[in-house]
Amino acid sequence: MSFDQPAQFLQIDHFLANEDRLNLLEYVLDREADFVPTSTATGDLDYRKSWILYHFEAYENWMIQKITPLLPRLFHAWNIEPFAISQIEIQLTAHNDGHYYKIHNDNGSPDAATRTMSYVYYFNREPTNFSGGALRLYDMRIENGHYVQAETYRDIQPVNNRIVFFPSHCLHEVLPISCRSRNFADSRFTLNGWVRREATEYV
Ligand SMILES: O=C(O)CCC(=O)C(=O)O
Ligand SMILES: [Fe+2]
């Protein structure tokens, strides 16, 4: 038996106040030297190209506090039983010319198994000086009790000041970005991460 389940997501525009967004951008541009190339758990070099900033104390908890109040509404909308949140992870990425992230889900490895909800906040310098970089969220097909990718999908554009939430088991990819200037400051920036549930609820 198989049936399709449309990709679930919630998109909110104008998420941060303008002043906060501009301060964040200024902070990130100052930290350019601390960004490093990304890697994936499998070490596959072709799978993902982007830059990442692992530590940004000034904004980690700040952003998590902005996201937390939205979660009950999301659980309700998606008929997810409210769960004990063990952790909200956060990272900061920059995608520039030729960067991408091929199809994956966010909870497929044992150490990521408790990731339940993914979020991505997009921001960039204006006027926008890159193109591409949509987040392609695939509809899911349930086949013999397993999630597999359906042929259909929704593309979410990485619009400045937009946040999107989706279930971490959903397959998604970041389409290639082109950024002619290649300036770091013109990158497609994200603050993104995962809401984890307590591991004990699984066993
Ligand atoms: O940058 C995006 O739109 C999504 C990033 C992503 O899928 C991830 O970091 O797991
Ligand atoms: Fe992802």
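This is a predicted model, so every value here is computed, not measured.

This next bit is on the pattern of salt bridges. In total, this model carries nine salt bridges according to the counting rule given. Taking the shortest distance from any N to any O, the salt bridge between Arg136 and Asp155 comes out at 2.8 Å. Pair noted here: Arg136 is in strand 10 (residues 135–143) and Asp155 is in strand 11 (residues 146–156), with a separation of 19 residues, a long-range link. On the basis of relative accessible area, Arg136 is assigned to the buried category, the value being 17%. Sharing partners across several salt bridges, the network here consists of Glu89, Arg115 and Arg196.

Okay, the UniProt feature "domain: Fe2OG dioxygenase" (unreviewed entry) in the protein chain next. Under the local residue numbering, the UniProt record ascribes the feature "domain: Fe2OG dioxygenase" (unreviewed entry) to residues 82–197. The span residues 82–197 carries 0% helix and 59% strand; its end-to-end C-alpha distance comes to 10 Å.

Moving on, we come to the site of ligand 1. Around ligand 1 sit 14 residues in total, of which Asp106, Tyr122, His172, Arg188 and Asn192 are the nearest. Tyr122 places a polar side-chain atom, nitrogen or oxygen, 2.7 Å from an oxygen atom of ligand 1. Contact distances for ligand 1 include 2.7 Å between an oxygen atom and a side-chain N or O atom of Arg188. When ligand 1 is considered free in solution it has 290 Å² of accessible area, and contact with the protein chains removes 97% of it. Of all elements in the fold, only strand 7 (100–104), strand 8 (115–123), strand 13 (172–174) and strand 15 (188–197) reach the threshold of two or more residues within the shell around ligand 1. Broken down by element, the residue count for the shell around ligand 1 peaks at four residues, all from strand 15. Residues of the shell around ligand 1, tallied by class, amount to six nonpolar, five polar and three charged.

Moving on, we come to unusual backbone geometry. Both trends apply: most residues other than glycine have a negative phi, and most peptide bonds are in trans. The omega angle of the peptide bond from Glu126 to Pro127 is 0 degrees, so this bond is cis rather than trans. Along the chain, the position of Pro127 falls in the loop between strand 8 and strand 9 (131–132). Although it is not a glycine, His14 sits at a positive phi angle of roughly 55 degrees. Tracing the backbone through its elements, the reader meets His14 in the loop between strand 2 (10–12) and helix 1 (18–30). Phi at Arg182 is positive, roughly 60 degrees, even though this residue is not glycine. For Arg182, the location among the structural elements is in the loop between strand 14 (177–178) and strand 15.

Attention now goes to the packing of aromatic side chains. Here the structure, examined in full by the defined rule, presents 11 aromatic pairs. An angle of 65 degrees between the planes, with centres 4.9 Å apart, marks the rings of Phe35 and Phe184 as edge-to-face. Separated by 149 residues along the polypeptide, Phe35 in the loop between helix 1 and strand 3 (36–37) and Phe184 in the loop between strand 14 and strand 15 bring together distant segments of the chain. In this structure Phe35 comes out as buried when scored by relative accessible area, which is 10%. Judged by its relative accessible area of 8%, Phe184 falls in the buried class. When the ring of Phe184 is compared with that of Phe189, the centres are 5.3 Å apart and the planes differ by 70 degrees; the resulting orientation is edge-to-face. Summarising the burial analysis for this pair, Phe184 and Phe189 share the class buried. An aromatic cluster of three or more residues is present, and its members are Phe15, Phe35, Trp51, Tyr121, Phe123, Phe184 and Phe189.

Analysis parameters
- Residues numbered from 1 in each chain as written.
- Chains lettered and ligands numbered in written order.
- Predicted model: local features only at pLDDT ≥ 70, side-chain atom pairs only at ≥ 80, totals over all residues.
- Heavy atoms only, no water.
- Salt bridge = Lys/Arg side-chain N within 4 Å of Asp/Glu carboxyl O.
- Helix = DSSP H or I, 4+ residues; strand = E, 2+ residues; numbered from the N terminus.
- Buried < 20%, exposed > 50% of the residue type's maximum accessible area, 1.4 Å probe, protein only.
- UniProt positions renumbered as here; feature names shortened; annotations may be inferred.
- Near = heavy atom within 4 Å.
- Polar contact = N/O pair within 3.5 Å; in protein donor to acceptor, adjacent residues only side chain to side chain.
- Areas by Shrake-Rupley, 256 points an atom, 1.4 Å probe, with all protein chains shown as cover.
- Nonpolar A, V, L, I, M, F, W, Y, C, P; charged D, E, K, R; others polar.
- Phe/Tyr/Trp six-rings, centres within 6.5 Å; stacked < 30°, edge-to-face > 60°.

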